[in-house]
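Structural features, examined
Each chain, written out:
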Amino acid sequence: ENDYVDPEELAEAKIQEMRKVAAAIIEDMTRQEVEAEAAQKLAEVQAQVEQAQAEAEHAQAQVEQAQTEAEQAKAQLALTLKNALKRGKLTVEEIAEDFNVPVSYVQQLRDELQDM
């Protein structure tokens, strides 16, 4: 048998082997970089989602606060209008005009007072 190995062939085989190893290392490094970048982007998106949720919750709280204030203002207006009706110095129409509300609303409150 011929055990002779051509040094050039041996060198070429080693070069090819080293190229494969280098390519595998580069591929692994690239994959790690891509995964790290993807993880960073995911973290950024999650932070944005959390920020948006916090803003939405804050906005919801503001809406609820505004609704509460509107209900309180409406109740106060109704009380004021009923007091004006009880005094009897102004007509339903005058009260509606003075308080910039529909006549029908003042009539509704008058009817509620009469039913009491």
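Reference entry: report on the structure contained in this document. All residue numbers here refer to positions counted from 1 along the written sequence of the relevant chain. Given that the model is predicted, a residue must reach a pLDDT of at least 70 before its local features are reported, and side-chain atom pairs must reach 80 or more before they are shown or counted; all residues, however, enter totals for whole chains, interfaces and linings. Note that the side-chain values use all heavy atoms of the structure and ignore hydrogens as well as water.

1. Some words on the overall build of the protein
The helix and strand tally for the protein stands at three helices and zero strands. Sequence-ordered secondary structure for the protein, helices as α and strands as β, is α-α-α. Here the globule rule reads 2.2 Å times residues to the power 0.38, and the radius of gyration is calculated from C-alpha atoms. A globule of 116 residues ought to have a C-alpha radius of gyration of about 13 Å, yet the protein, at 41 Å, is considerably larger. Considering only C-alpha atoms, the protein reaches an extent of 130 × 25 × 20 Å along its principal axes. For every residue, the accessible area (1.4 Å probe, protein chains only) is compared with the maximum for its type, and the residue is labelled buried under 20%, exposed over 50%, or partly exposed between those bounds. Counting across all 116 residues of the protein, residues that qualify as buried make up 11%. Counted over contacts in the protein with a minimum sequence separation of 6, partners at least 24 positions apart contribute 42%. Surface accessibility of the protein: about 9,800 Å² in total, with carbon and sulfur atoms responsible for 53%. The helix count covers DSSP runs of H or I at least four residues long, the strand count covers runs of E at least two residues long, and both are numbered beginning at the N terminus. Whether two residues are in contact is decided by their heavy atoms: any pair within 4.5 Å suffices. Values of accessible area rely on a 1.4 Å probe in the Shrake-Rupley scheme; residue burial ignores everything except the protein chains shown.

2. Section: a negative patch on the surface
Among the surface-exposed residues, Glu 93, Glu 94, Glu 97 and Asp 98 lie close enough to one another that they form a single negatively charged patch. Here Glu 93 shows up in helix H2 (residues 92-99). With a relative accessible area of 46%, Glu 93 lands in the partly exposed category. For patch building, the residue pool is restricted to those with more than 30% relative accessible area and no salt bridge; the joining distance is 9 Å between like charges and 5 Å between nonpolar side chains (Val, Leu, Ile, Met, Phe, Trp, Tyr). Put simply, a salt bridge is a Lys or Arg side-chain nitrogen that is within 4 Å of an Asp or Glu carboxyl oxygen. As used throughout, the charge tally considers Lys and Arg to be positive and Asp and Glu to be negative, leaving His and the chain termini uncounted. Note that the charge is assigned to NZ on lysines, CZ on arginines, CG on aspartates and CD on glutamates.

3. Here we look at H2
Val 92, Ile 95 and Ala 96 are the residues of H2 that are buried. Looking straight down H2, one finds its buried side chains confined to an arc of 100 degrees; they lie on one side. H2 presents Glu 97 and Asp 98 as exposed residues on the side facing more than 90 degrees away from its buried surface. Residues of H2 that are buried sit in contact with helix H1 (7-87) and helix H3 (103-115). Comment: arc refers to directions from the helix axis out to C-beta atoms.

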